[in-house]
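Chains, contacts and geometry: an overview
Next come the chains, spelled out residue by residue.
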Amino acid sequence: MTHLLSILFVAILVENYVFVQFLGICPFLGVSKKLNTAMGMSVAVIFVMVLSTAATYPINKYLLEPNDLEYLQTLVFILVIAALVQLVEIFLKRHMKSLYSALGIFLPLITTNCIVLGVVVLNVQRHYNFAEAMVNSIGGGLGFMLAMFMFSGIRSRIEEANVPDFFKGLPITLVAASLAALSFQGFAGVADNLFK
Amino acid sequence: MSTDKAKVKEVFTRGLIRENPIFRLVLGMCSSLAVSTTLIGALGMSVSVLVVLICSNIVISLLRNFIPNTVRIPAYITVIAGFVTIVQMVIKAFFPEIDGLLGIYLPLIVVNCIILGRAEAFANKNGVLISALDGLSMGLGYTIAMISIAFIRELLGSGTLFGVQVIPASIPPIMLFALPAGGFLVLGILMAVCNRIAEHFGQPKAELGCDSCAAYGRCPAKEFEASQDEAQTDADRKIRKAGARAKRNEEDRK
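Some thoughts on the overall build of chain A
If you tally the helices and strands in chain A, you get 10 helices and zero strands. Listing each helix as α and each strand as β along chain A from the N terminus yields α-α-α-α-α-α-α-α-α-α. The globule rule puts the C-alpha radius of gyration for 196 residues at 16 Å, and the 18 Å found for chain A is close to it. In terms of overall dimensions, chain A has a C-alpha envelope of 60 × 45 × 30 Å along the principal axes. Looking at chain A as a whole, 45% of its 196 residues are labelled buried. Intrachain contacts of chain A at a sequence separation of at least 6 include 78% that bridge at least 24 residues.

Written out as structure tokens, the structure reads:
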């Protein structure tokens, strides 16, 4: 149990997928302007990440590994994720209208996002078992949500700040992200001592 | 013939500076931030992206009349993933140390916005040779950006260039630049410099709209924001109406 908790903590804070691993930078910079949109996007990311981990884990374990087909992992994973997202979208549209109106628009954006494929590939590379892989995906998604939440607040302040003209927009956002990333560096020591 | 030559020149020079994928189009940020701590890693990543970009542009351009429009994105992803797998196997076999430096970012080239973006914006509308040239130009533009970020980060962050000690070891390196935070900082500052230069030539600033995600041609999140704004003004109107009604009632009572 402590082991799983430590994986969760590390995934959210120490190895934050946005600030430390640089995954999902496009939606992080593109959709973090407003709190509503940022939260919708984050929930959709968590949803898709957990589902795709659940779907790709058995495929990798029982189909690719026993047959020495590991070199097909990238190809199979991205196709499974794309098909899965499409299926989920159709299912939600048909049977769960309210959930679809909240998350539906973000789903196609997420298919080709590095954070989803990234977490699946990481789970395989670290030889996580099913429970560990699921916890890692949930933690990664929560970490993404934390980053989005922080930044939707920071950006509304930045927009009113008086910065040099050519720094306005993306450059100053990146500099702010750099400071946020630096603060996440501080968690590195905490994890080692917290879950001894 | 002269127009052809002009077009070739136009396509080739565009990706290098004016539409540089990282500094100007803001595509493929994840890998550019992650593997730019060392020049060797940056070069390995750039060459992989260059090869995948040229190959996938050629194949997608060849297939552009056969792929039905509705399933084009999955078809492109399959083509790109095929080439990424080939590059991955070659690097694992011949350059294991570069494979170690790139880690998970090598398979993640599949979802790099540059490659899907060029397939969507260029290769599916143009001939084979010109698409290959576009891939070369964009790939070289990516290389230029990666090398410039990695040059600053490796020099300041560890005092070396291509692993060779340049700044004497007695001067401690600035650790910040080797950390993830340094990636964001260097990219932000370089992008600001590019904005300044672009301003000088009357070009617009680098923007990350949903358009630069390029994967779907339209950004659903934009519509969502618009609908949210609408809902907000609707709600405001209702509150104002209710307030006015309450006021009237109060006045009536008096």
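As for the overall build of chain B
What chain B contains, in helices and strands, is nine helices and two strands. Each helix and strand of chain B, placed in order from N terminus to C terminus, yields the pattern α-α-α-α-α-α-α-β-β-α-α. The burial tally for chain B puts 41% of its 254 residues in the buried class. Long-range contacts, defined here as pairs at least 24 residues apart, represent 74% of the contacts in chain B between residues at least 6 apart.

Focus on the interface of chain A and chain B
Listed by partner, the interface residues are 42 residues for chain A and 48 residues for chain B. Broken down by secondary-structure element, the contributors of at least two residues to the side of chain A that touches chain B are α2 (25-30), α3 (35-64), α4 (73-95), α6 (107-111), α7 (114-125) and α9 (170-185) of chain A. The greatest single-element share of the side of chain A that touches chain B, amounting to nine residues, is contributed by α9(A). A per-class count over the side of chain A that touches chain B returns 30 nonpolar, 11 polar and one charged.

A few points about the confidence of the model for chain A
Predicted confidence across chain A gives a mean pLDDT of 85, with 98% of residues reaching 70 or more. Across chain A, the element-wise mean pLDDT spans from 74 in α6(A) up to 90 in helix α8 (residues 130-158) of chain A.

A few points about the domain arrangement of chain B
Domain parsing of chain B yields domain 1 (2-208) and domain 2 (219-254). Inter-centroid distance (C-alpha atoms) of domain 1 of chain B to domain 2 of chain B is 47 Å.

Some words on the packing of α3(A) against α8(A)
All names here are of chain A. Where α3 meets α8, the closest approach of the two axes is 9 Å, and the angle between their N-to-C directions is 165°. For the element pair α3 / α8, the angle class is roughly antiparallel. Of the two elements, α3 crosses α8, and the hand of that crossing is right-handed. Across the contact of α3 with α8, the residue classes break down as 18 nonpolar, six polar and no charged.

Points about unusual backbone geometry
Residues and elements named next belong to chain A. Residues other than glycine seldom take positive phi values, yet Asp68 does so here, at roughly 55°. Take Asp68: it is sitting in the loop between α3 and α4. The phi torsion at His127 lies on the positive side, around 55°, for a residue other than glycine.

Some words on the environment of B:Asp99
Residues and elements named next belong to chain B. Here Asp99 lies in helix α5 (residues 96-102). With 54 residues separating them along the chain, Asp99 and Met45 place their C-alpha atoms 9.5 Å apart. Once residues lying within four places of it in the same chain are set aside, the contact partners of Asp99 are Ile91, Lys92 and Leu106.

Brief notes about helix α4 (residues 72-94) of chain B
An ideal rise of 1.5 Å per residue puts 33 Å on 23 residues; α4(B) measures up with 33 Å between its terminal C-alpha atoms. Listed in full, the buried residues belonging to α4(B) are B:Ile73, B:Tyr76, B:Ile77, B:Val79, B:Ile80, B:Ala81, B:Phe83, B:Val84 and B:Gln88. Contacts from the buried residues of α4(B) go to α4 of chain A together with α3 (39-62) and α6 (113-123) of chain B.

A few points about the environment of B:Phe23
All names here are of chain B. Of note, Phe23 is situated in the loop between α1 (2-18) and α2 (29-34). Distance from Phe23 to Gly188, taken between C-alpha atoms, is 9.3 Å for residues 165 residues apart in sequence. Once residues within four sequence positions are removed from consideration, Phe23 is found in contact with Ala145, Leu190, Met191, Cys194 and Ala206.

Here's the deal with the confidence of the model for chain B
All names here are of chain B. Taken over all residues, the pLDDT of chain B has a mean of 82, while the share at 70 or more is 88%. Within chain B, helix α9 (residues 220-253) has the poorest average pLDDT of any element, 68, and α3 the best, 92. Across the whole predicted complex the pTM is 0.82, and at the interface the ipTM reaches 0.85.

The rules behind these values
Every chain's residues receive numbers from 1 upward, in the order its sequence appears when written. All chains are assigned letters beginning at A, and all ligands numbers beginning at 1, according to the order in which they are written. Selection of residues for local features in this predicted model requires a pLDDT of at least 70, selection of side-chain atom pairs for listing and counting requires 80 or more, and totals for whole chains, interfaces and linings are taken over all residues. In this text, helices come from DSSP runs of H or I with a minimum length of four residues, and strands from runs of E with a minimum of two, each type numbered from the N-terminal end. In this description the radius of gyration comes from C-alpha coordinates, and the expected globular size is given by 2.2 Å times residues to the power 0.38. Burial is judged by counting the other C-beta atoms within 10 Å of a residue's own C-beta: 20 or more makes it buried, 12 or fewer makes it exposed, and any count in between marks it as partly exposed, with every C-beta position built from the backbone. Any two residues are considered in contact once their C-beta atoms, placed from the backbone, lie within 7 Å. As a working rule, the residues Ala, Val, Leu, Ile, Met, Phe, Trp, Tyr, Cys and Pro are called nonpolar, Asp, Glu, Lys and Arg charged, and the rest polar, with Gly in that last group. Per-residue confidence from the predictor is reported as pLDDT, a score between 0 and 100. For each domain, the first and last residues come from an automatic or database assignment. All axes are obtained by fitting lines to C-alpha atoms, using only the stretch in contact for helices, and the reported angles, taken between N-to-C directions, cover 0 to 180 degrees. Working rule for angles: under 35 degrees goes down as roughly parallel, over 145 as roughly antiparallel, 65 to 115 as roughly perpendicular, anything else as oblique. Should the near helix be turned counterclockwise from the far one by less than a right angle, the crossing is left-handed, whereas a clockwise turn marks it as right-handed. What a helix is expected to span follows from its residue count: subtract one and scale by 1.5 Å.

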